[in-house]
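# Residue-level structure breakdown
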Amino acid sequence: MLARRLSVTIPLTTFLHAQSQHVCLLTTTEPNHPQLTSCTNRAPVDPGHLVRVCTILYQQQYSTESRLHSSLSSCNFNLTQDFFLQICNNFPLSWRPVYLFFQYTQKAQPCFAHNSITFNRMVDIIGKSRNIDLFWETLQEMGRRRLVNDKTFKIALMTLAEVRELKKMVNFFHIMNDCGCEYSLEMLNKVVKTLCQRKLVVEAKYLILKLSEWIKPNEITYGWLIKGYCDVGDLIEASKIWNLMTDEGFEPSIDVVDKMIETFFKINKDDEAMKVFQMMRVKRMDDLGLSTYRIVIDWMCKRGKISQAYTMLEEMFKRGIEADNLTLSSIIYGLLARGRLREAYKVFEEIEKPDISLYHGLIKGLLRLRRAREATQVFREMIKRGCEPTMHTYIMLLQGHLGKRGRKGPDPLVNFDTIFVGGLVKAGKSLDAAKYVERVMNRGVEVPRFDYNKFLHYYSNEEGVVMFEEVGKKLREVGLADLADIFQRYGKKMATRERRRNRAIEP
């Protein structure tokens, strides 16, 4: 049993009021005992009891233990796993109330048996509140109780990595090994995957190196390290891990190769990316698949290298690899970017079942050629064929019709200047516009780019539904039918969560 004295004082975060509705959570089977039915039976959580207990924990968290326990016992609540988890949910970043309630359940409710689920939830809260001493002690208690599982490892290593407790990360594996959780390469790979996905790749590398005497890394371990370094943009370290991996006799998997090539393209190191691709073509041609070709073809099309992209496409067909819609979308965009409209439409028309990616490639290419009206017609056509637009579709079309106004700057209020001055000019009041500009030009601020994403987000509600409908009518009255269709369609299908959820079902 944990017997830690609560001597550390940390300011409590905002108290989250208990939800009135019962939330269904994960459950485990508690041991049966005829005299302990009140502690073990499954029963819905009483919202009134939940509110009272949370209030006591919040208000008396600095009271003496005897007074707190007396107040909690007077509530006569039914302690279940769901009840404990909902207490934790009401204090997601405050370790003190949760830990005090845990201590109460240990002393006043000994019939209630904590399991991995309750311990994991509590230790996660302690870790997020950065009480590392208590966090470390609780982890050791879990090990002694044999309650450690995969989720415990992920929570422990992620929290310790975030606070740079590198030695404790290594010691955690040693302590858990002494408690019966033997060294496991599978567990190490799961932890490394979690750390790399959170961009804690430096900490993951340290852990691997320090544990190499007990756990030998394999190609999966190295693969996650390479992906992690690619995600943080450190291709020098990624290349070092690649070389170390090959020196030890492991071959990078295709997804690792794809990640390296894609990252090289993203940072404009095209030659390095093509070197990796050519190396794969020479040494591991049989392993090359659609995903690698798609990345290379997409880059070639964006750079206007259509002939090379066609060469790659022919090579795919010779090897029996069929191009998917994402690859053909890149081809269509590349053709349109070079002004080859007939070829682009020919490729598009030959596809039996076009999806959203193909329509996006077509719309994006037409907008690049400043053919916003034609792109809007494609938008109407895709709706007729039952392919529902996404948020990205609307943003592309609005940028095509209205342009990417302004540039990024520190003062969001000067967006008003763009709209106000533009309105004066359109109204024929150029002199007033010039006077206004003279008054504000010395403020030393830049005009920020209008964010269409935020604009659509702010009006994604029931009021926005009405607003988009009215705006569509106004635009249609002044002859802007394309913009009117875009706004009205967004208001009809995308303006609320319920409409977005049902947009593919409704006609």
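Data block above holds the structure.
Each chain has its residues counted from 1, running along the sequence as written. Where totals are concerned, whole chains, interfaces and linings use all residues; where local detail is concerned, this predicted model gives features only for residues with pLDDT of at least 70, and gives and counts side-chain atom pairs only at 80 or more. Side-chain metrics in this entry use all non-hydrogen atoms of the structure; hydrogen atoms and water are not considered.

Let us look at helix α18 (residues 325-337). If you check α18, its first and last C-alpha atoms are 18 Å apart, about what 13 residues at 1.5 Å a residue would give, namely 18 Å. Residue burial is assigned from relative accessible area. The probe radius is 1.4 Å, only protein chains are included, and a residue is buried under 20% of its type maximum, exposed over 50%, and partly exposed in between. By the criteria applied, helices consist of DSSP H or I runs no shorter than four residues and strands consist of E runs no shorter than two, each listed in order from the N terminus. Counting buried positions along α18 yields eleven of 13 residues, so the element is predominantly enclosed. Residues of α18 that are buried in the fold lie against α16 (290-302), α17 (306-318), α19 (341-349) and α20 (356-368). Residue Gly 339 follows α18 closely and has a positive phi angle near 80°. In this analysis, the expected span of each helix is defined as 1.5 Å times one less than the number of residues it contains. Contacts are assigned to residue pairs with any non-hydrogen atoms lying within 4.5 Å of each other.

For the rest of this paragraph, the subject is the pattern of salt bridges. By definition here, a salt bridge exists when the distance from a side-chain nitrogen of Lys or Arg to a carboxyl oxygen of Asp or Glu is within 4 Å. Using the criterion set out here, one finds 29 salt bridges in the structure. Note that Glu 141 is salt-bridged to Arg 144, the shortest N-O span being 2.9 Å. With Glu 141 and Arg 144 both in helix α7 (residues 132-144), this residue pair falls three residues apart, about one helical turn. Glu 141 sits in the buried class, given a relative accessible area of 5%. The salt bridge involving Arg 284 is made with Glu 251; its shortest N-O contact spans 3.6 Å. Of the two residues, Arg 284 sits in the loop between α15 (270-283) and α16 while Glu 251 sits in the loop between α13 (235-247) and α14 (254-266), which places them 33 residues apart along the sequence. Where salt bridges share partners, they join Arg 373, Arg 380, Arg 476, Asp 482 and Asp 485 into one cluster.

Another aspect to go through is α7. Its 13 residues place the ends of α7 18 Å apart at the C-alpha level, agreeing with the 18 Å of an ideal helix rising 1.5 Å per residue. Buried residues of α7: Ile 132, Leu 134, Phe 135, Trp 136, Thr 138, Leu 139, Glu 141, Met 142 and Gly 143, and no others. Turning to α7, the residues buried within the fold contact α5 (95-108), α6 (116-128), α8 (150-162) and α9 (166-178). Of the residues trailing α7, Arg 146 is marked for its positive phi of about 60°.

Moving on to the environment of Asn 218. Counting through the fold element by element, Asn 218 comes out in the loop between α11 (201-211) and α12 (219-231). Considered as a pair, Asn 218 and Phe 250 are 32 residues apart in the sequence and their alpha carbons are 7.4 Å apart. In this structure Asn 218 touches Leu 185, Asn 189 and Phe 250, once residues within four positions along its chain are discounted. Throughout this description, a polar contact denotes any pair of N or O atoms lying within 3.5 Å of each other; where both atoms belong to protein, one of them has to be capable of donating a hydrogen while the other can accept it, and for residues adjacent in sequence the pair is counted only when both atoms sit in side chains. Of note is the side chain of Asn 218, whose polar atom sits 3.5 Å from the side chain of Asn 189. Here Thr 221 takes part through its side chain, which lies 2.9 Å from a polar atom of the side chain of Asn 218.

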